[in-house]
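Below are the chains, spelled out letter by letter.
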Amino acid sequence: MSPSVAPATAALRNVATRLRIDSVRSTTKAGSGHPSTCASAADIVAVLFCDEMRYDPKDAERPDNDRFILSKGHAAPLLYAAWAEVGIVSRAATLTLRELTSDLEGHPTPRLPWVDLATGSLGQGLAAAVGSALNARRIGSDYRTYVMLGDGEMAEGSVWEAAQSGQFHQVDSLCAIIDLNGLGQSRETQFGHDAENVAARWQAFGWHAIVVDGHDIAAVQAAFAEARATKGKPSVLVARTLKGKGISMMEGKPGWHGKALKADEADAAVAELEAQLVPEDGAAPLTIARPSGVLARPDPKASSPVEPPTYTKGELVATREAFGTSLAKLGAADARVVALDADVKNSTFSDRFEKVFPERFYQSFIAEQVMVGMAMGLAARGAIPFAATFAAFLTRASDFVRMAGISQVNVKFAGSHCGVSIGEDGPSQMALEDLSMFRSVPGCAVLYPCDAVSTEKLMAEAAAHPGMAYVRTSRPKTPVIYEPTDSFPVGGSKTLRSSAADVITVVTAGVTVFEALQAAETVATEGVHVRVIDLYSVKPVDVATLLAAGRETGLILTVEDHYSAGGIGDAVCEAVSPQGLRVERVAVPGVPRSGTPEELMDVNGLSARALAETIRRLVSAR
């Protein structure tokens, strides 16, 4: 060993070399993957996992473990190699990379207990890391969160949304690492190896930026120590690296992104890397520091009962307002409940939660992507986050919602100001695609209350639901029609009007429940009897009730303040069409205009008057 190489440094250098070897072997065995981007970050990951982070490799569930989020998820083989190095998985397991029966997938997913969140859709890891750091503050833990980004990933605007949020919340337990290898998929990255320029940008966003040679073990150790000592702001290591480091055929060369080495190339690369291993004479075995065990406010094992609704029948209350009241009640019942806002708290009424639990209320300002990402990070660490904004603006974060579904995290979403019923604000503010977006996510419950009681009950159901849930609320005030003792299980419905003489069933939810009831009352005077079902659970739907109603009345009409694609009509058709039942639909037919709520409901066929006409037409045509 050269006298200039300290024993501990030599040991970490060898760890990095083994990480490169394992990344080459696993991707070649798989026939696909990203060994070049694994090689660039290997020295940093070696220091992180074997020197810097404090965690128990035998207990992934410890709430005070330091956390690592691989935002550049295509470097997954490097992560798996690091786990093999510390004994979390076997080296043999790394050779199952990307196989159907293996949990070591092409990009990390939480099928593995050490993965908090699915990554690989670039630009999301930093926002989640902010949420993870906020969770440490919530439970009074000193655990730190580390997140590694690729330099090409910095072109994503969501990265800078998250950077602003990290600065605003002063999460000094958060450390980001930029693997500045200078090469993207198709060309040089935006800033190449100009680390000072990149660091200046992070500094402008209020971060403590440290420029470091990402292949200098001692320098990386010192940079992490500096980040750990920094208080009042998050830190970022801007690490100059070479893509394909240590493998001469690809080191620093374009055209290798996402290309596994062929067998003979891999043999040559492994031989070259093995020749880089250095003696470790005098080096003590590397040991991983365990967490401190500090948890000032551990989550309770059981929650208190949720305070019941206190509304009276006939009282006019907007469901968005009942959402805010319910959120505060849930916060009182369960310390894990937190709320996130995107600067609309006085419209969604989430400010009612903030007034009672300001320490559990997180502001993202007008940055819906980072709000959802923060919620994902919080949920991954045990919180029950409710992320609330106008439903139309949640669609801006659609890819984050998609990745939350892949991550199978316990995030709850609330979207207000839905449909044409919001009135004069116009189509840019009208959520008409949100049901479709959330219904498409596996395991996500989609709930659509029509009155204040059902809102509070469905909020409690959403909080208890094991996984994602979406609660759709409305702007107009609607009358309370349910009793505080009524139950609203996920997957259920309420039949509000029925008789043995019914000739058509109207299935609806939200504001159009009341239009349907009025239309049914109108045509009843003409001898046309209508069954009305409040399909408050749009996913999963109450299949048994829908089938029974369809068979007994012979015709189902769905009505929704939403576009036809992916909403209530599709949900009902999926449930009953295989049984040969006929379904007709009323939905918003095209891009709406500004107008009063009453005008817009009528011109789009959703008013009681228009529904009565549709019912007459359908019944007379039978």
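Keep in mind it's a predicted model, so treat the numbers as computed, not measured. (Residues numbered from 1 in each chain as written. Predicted model: local features only at pLDDT ≥ 70, side-chain atom pairs only at ≥ 80, totals over all residues. Heavy atoms only, no water.)

### Here's the deal with the side chain of R360
Here comes step 1: Its location among the elements puts R360 in the loop between helix 12 (351–356) and strand 8 (361–363).
Here comes step 2: Judged by its relative accessible area of 8%, R360 falls in the buried class.
Here comes step 3: From its side chain, R360 meets the backbone oxygen of D334 in a polar contact 3.3 Å long.
Here comes step 4: When residues no more than four places from it in sequence are discounted, the contact partners of R360 are G331, D334, A335, V337, V338, A339 and F353. (Helix = DSSP H or I, 4+ residues; strand = E, 2+ residues; numbered from the N terminus. Buried < 20%, exposed > 50% of the residue type's maximum accessible area, 1.4 Å probe, protein only. Polar contact = N/O pair within 3.5 Å; in protein donor to acceptor, adjacent residues only side chain to side chain. Contact = heavy atoms within 4.5 Å.)

### Focus on unusual backbone geometry
Here comes step 1: The omega angle of the peptide bond from K539 to P540 is -10°, so this bond is cis rather than trans.
Here comes step 2: Summarising the element assignment, P540 is placed in the loop between strand 17 (537–539) and helix 19 (543–553).
Here comes step 3: Phi at Q170 is positive, roughly 55°, even though this residue is not glycine.
Here comes step 4: Secondary-structure assignment places Q170 in the loop between helix 6 (157–169) and strand 3 (174–180).
Here comes step 5: Although it is not a glycine, F365 adopts a positive phi angle of roughly 60°.
Here comes step 6: With respect to the helices, strands and loops of the structure, F365 is situated in the loop between strand 8 and helix 13 (368–380).

### Side note on the nonpolar core
Here comes step 1: Counting 116 residues, the largest nonpolar core has L126, W202, F413 and Y470 as the members making the most contacts within it.
Here comes step 2: Broken down by element, this core gets its largest block of residues, nine residues, from helix 13.
Here comes step 3: With residues near it in sequence (within four places) discarded, L126 still touches S71, V147, L149, V159, A162, A163, L174, A176, W202 and W207.
Here comes step 4: Counting residues in hydrophobic clusters, the runner-up holds 49 residues, among them V15, A46, L79 and L104. (Core = buried A, V, L, I, M, F, W, Y, C linked by side-chain atoms within 4.5 Å.)

### Description of helix 18 (residues 512–524)
Here comes step 1: The first and last C-alpha atoms of helix 18 sit 18 Å apart over 13 residues, in line with the 18 Å expected at 1.5 Å per residue.
Here comes step 2: Within helix 18, burial applies to T512, V513, F514, A516, A519, A520 and V523. (Expected span 1.5 Å × (residues − 1).)

### Let's talk about the packing of aromatic side chains
Here comes step 1: Under the definition given, this model contains 15 aromatic pairs.
Here comes step 2: A ring pair is formed by Y80 and W83, whose centres lie 5.6 Å apart and whose planes are at 45°; its orientation type is tilted. Highlighted residues: Y80 and W83, both in helix 3 (residues 76–86), separated by three residues, approximately one helical turn. Each member of the pair, Y80 as well as W83, carries the same accessibility label: buried.
Here comes step 3: Ring pairs connect the aromatic residues F49, Y55, F68 and W114, which therefore count as one cluster.
Here comes step 4: One cation-aromatic arrangement involves R360 over F357; the distance from NZ or CZ to the ring centre is 4.2 Å.
Here comes step 5: Residue placement shows R472 over the ring face of Y448; its charged tip is 4.8 Å from the ring centre. (Phe/Tyr/Trp six-rings, centres within 6.5 Å; stacked < 30°, edge-to-face > 60°. Lys NZ or Arg CZ within 6 Å of the ring centre and 35° of its normal.)

### Structural notes on the pattern of salt bridges
Here comes step 1: Under the counting rule described, the total for this entry stands at 36 salt bridges.
Here comes step 2: Between K313 and E483 there is a salt bridge, and its shortest N-O distance comes to 3.6 Å. Separated by 170 residues along the polypeptide, K313 in the loop between helix 9 (263–274) and strand 6 (316–318) and E483 in the loop between strand 13 (477–479) and strand 14 (494–497) bring together distant segments of the chain.
Here comes step 3: The salt bridge partner of R402 is D399, with a shortest N-O separation of 2.8 Å. Placement of the pair is R402 and D399 together in helix 15 (residues 398–407), with a separation of three residues, close to one helical turn. (Salt bridge = Lys/Arg side-chain N within 4 Å of Asp/Glu carboxyl O.)

### With respect to the pairing of strand 4 (residues 208–213)
Along any regular strand, the residues point their side chains to alternate faces of the sheet.
Here comes step 1: Pairing of strand 4 with strand 5 (residues 235–240) involves six bridges; the strand directions are parallel. Across the sheet, V211 pairs through a bridge with V238, a residue of strand 5.
Here comes step 2: Between the parallel pair strand 4 and strand 5, the chain is carried across by helix 8 (residues 217–229), and the sense of this crossover is right-handed. (Pairing = 2+ DSSP bridges. Right-handed = clockwise from strand over helix to strand, strands pointing away.)

### With respect to the sheet that holds strand 7 (residues 337–341)
Here comes step 1: Here we have seven strands laid out as an open sheet, ordered 8-7-9-10-12-11-17, and mixed in their pairing. For this open sheet the edge positions go to strand 8 and strand 17, each flanked by a neighbour on one side alone. For this sheet, the mean inter-axis angle between neighbouring strands, taken without regard to orientation, is 20°.
Here comes step 2: Two elements, strand 9 (residues 384–390) and strand 10 (residues 412–416), share five bridges in a ladder whose sense is parallel. Residue pairing across strands places T389 opposite G415, the latter belonging to strand 10. (Axes fitted to C-alpha atoms, helices over the stretch in contact; angles between N-to-C directions.)

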